[in-house]
Amino acid sequence: MLSSATKAIIRVVITLVLTVSLIGGCAIASGVFLIFALDGGATGSAAQSPGCNPTATDFQVPGGATVTGKLPKAVPEPYNGIITAAAAVKGADPYLLATLFWKEHGRSYPAPPPPYGHGHPWAKSYASAEGPMQFIPPTWAIYGLDANHDGVADPNDLIDAINSAAVYTVAIGGKAGTPLGDVGHPYQKGTVVNVMATYNGGPTGDFSRNNGQTWSYYHDGAQYYASLTNGTAPLASGGGSPTCTETPAATPGAGLQKPPNIGGPGIDGYYTMPPSLNGALHINSCQAHRTGSLEQISVLYTVAERWKSVHPKGWINLGDMNAAGHLSHKWGVAADIEATTNGIDKVADFIHGNYNQAATIELGEMFVDTGKLKSIWFNDEVVDHAVTAYARSKNLPLEQMMPQLHHDDHFHTNTNGPRGPLYEPHC
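Everything quoted here is computed from the prediction, not taken from an experiment.

(A) Quick look at the overall build of the protein. Within the protein, the regular secondary structure consists of ten helices and ten strands. Each of the 427 residues in the protein was classed as buried or not, and the buried ones make up 50%. Taking the intrachain contacts of the protein between residues at least 6 apart in sequence as the baseline, contacts between residues at least 24 apart amount to 63%. By element, 57% of the accessible surface of the protein is carried by carbon and sulfur atoms, the whole surface being about 18,400 Å².

Here is the structure:
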């Protein structure tokens, strides 16, 4: 065993070596406090609360270093410290990096997966974007770094990805001190708005409203960025609370309601969705095309009733549940859905004007809350990421929330449970 004096000397040497290594681009920067314990682990750090966003006092970088970030508390640890460090070393804008992470994860800071936390693995998009900063392979091939010096440049490693994003954002105009710019001029180089648009849509992408995904990405991002820089951003769920605990798993299907005016089963055991008694559900298909399993009917009715209670002037529009020739609607578990909160805006429809993205996320979360949702197809990745993150935070089932061709103006929902027999009715 080493004496206390010897350990103290070695600690000083390690600190000096680390400080020098910062200049060479190590993931931990000056201004971020590092304490190493020679007998293993980090001093002064407790175990991370599972399922929560860890705080500065309960997070340690693998290898034993504790980190403390300099961003507002709205950005929880470990992200605050790692982003602060990466930005300081690479000359990047830490507020921009935090905003990009927040956007890529459905406007949230989910608990990271091991070895940085106890969260779920990072999502991979239909376009093969992966990891905490959602790099696509061609971009990672150019900008990917082995910032934690483990011998592998890994887009799914938190330190590698955030440092690589710092380098990439500087390359496309996002260095420290870059002005926010104007969301009305997303093509203006040298602005944070342009960097956000480029990060999502690519250097030659369409940043106009015709590309709803990128348009909403930099509009939403600019608002959050501004709130971070002026200190008004809300605390992230779990952030700043060392005593937070994992959300208990809900019982799938608990709280489902059956329509009071539903009849008995019909052909092949399918039920027919009855007319809504309070206008919560507008049915836009013939009677033959609104049949499904009792579970599917109950999910749709439950969500519609909840939607009406939250948005008294709104309703949900139900398209067909099954129809001849509709390839994905044959087994009593699928439905096409869009909605409105007030009769004017469009929810789950971004191509017909007045798109309400926030309410679209809310609608997806209501389906998740039933505990019986298997998947939703919808072509807004912001919504897809947000609803996926919500399902994970609640430990509720959601196998797939992803874009799919021709799903720009409605949700295609699938409920869990066994499929019924093939049924292709004609009106």
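(B) Inspection of the pairing of strand 10 (residues 411-415) at higher detail. Taking burial as the measure, the five residues of strand 10 include five buried ones, the bulk of the element. The alternating pattern of strand 10 places F411, T413 and T415 on one face and H412 and N414 on the opposite face, and all of these are buried. Relative to strand 10, strand 7 (residues 334-340) is paired through four bridges, and the arrangement is antiparallel. By the bridge assignment for strand 10, A335 is matched with T413. Relative to strand 10, strand 8 (residues 373-377) runs antiparallel, the two being bridged by four bridges.

(C) A look at helix 8 (residues 294-310). End to end, helix 8 covers 24 Å across 17 residues, agreeing with the expected 24 Å (1.5 Å per residue, within 8%). Burial analysis of helix 8 places twelve of its 17 residues in the buried class, the great majority of the element. Those residues of helix 8 lying buried are Q296, I297, S298, V299, L300, Y301, T302, V303, A304, E305, W307 and K308.

(D) Spatial organisation of the packing of aromatic side chains. All told, the structure shown has 14 aromatic pairs when counted by the stated rule. Between W102 and Y224 the ring centres are 3.8 Å apart and the planes differ by 5°, which places this aromatic pair in the stacked class. Of this pair, W102 sits in helix 3 (residues 94-104) while Y224 is found in helix 7 (residues 212-229), placing the two residues 122 residues apart along the sequence. Site record: aromatic cluster; members linked through ring pairs are F135, W140, Y143, Y168 and Y199. One cation-aromatic arrangement involves R209 over W215; the distance from NZ or CZ to the ring centre is 4.2 Å.

What counts as what
- Residues numbered from 1 in each chain as written.
- Predicted model: local features only at pLDDT ≥ 70, side-chain atom pairs only at ≥ 80, totals over all residues.
- Heavy atoms only, no water.
- Helix = DSSP H or I, 4+ residues; strand = E, 2+ residues; numbered from the N terminus.
- Buried < 20%, exposed > 50% of the residue type's maximum accessible area, 1.4 Å probe, protein only.
- Contact = heavy atoms within 4.5 Å.
- Areas by Shrake-Rupley, 256 points an atom, 1.4 Å probe, with all protein chains shown as cover.
- Pairing = 2+ DSSP bridges.
- Expected span 1.5 Å × (residues − 1).
- Phe/Tyr/Trp six-rings, centres within 6.5 Å; stacked < 30°, edge-to-face > 60°.
- Lys NZ or Arg CZ within 6 Å of the ring centre and 35° of its normal.

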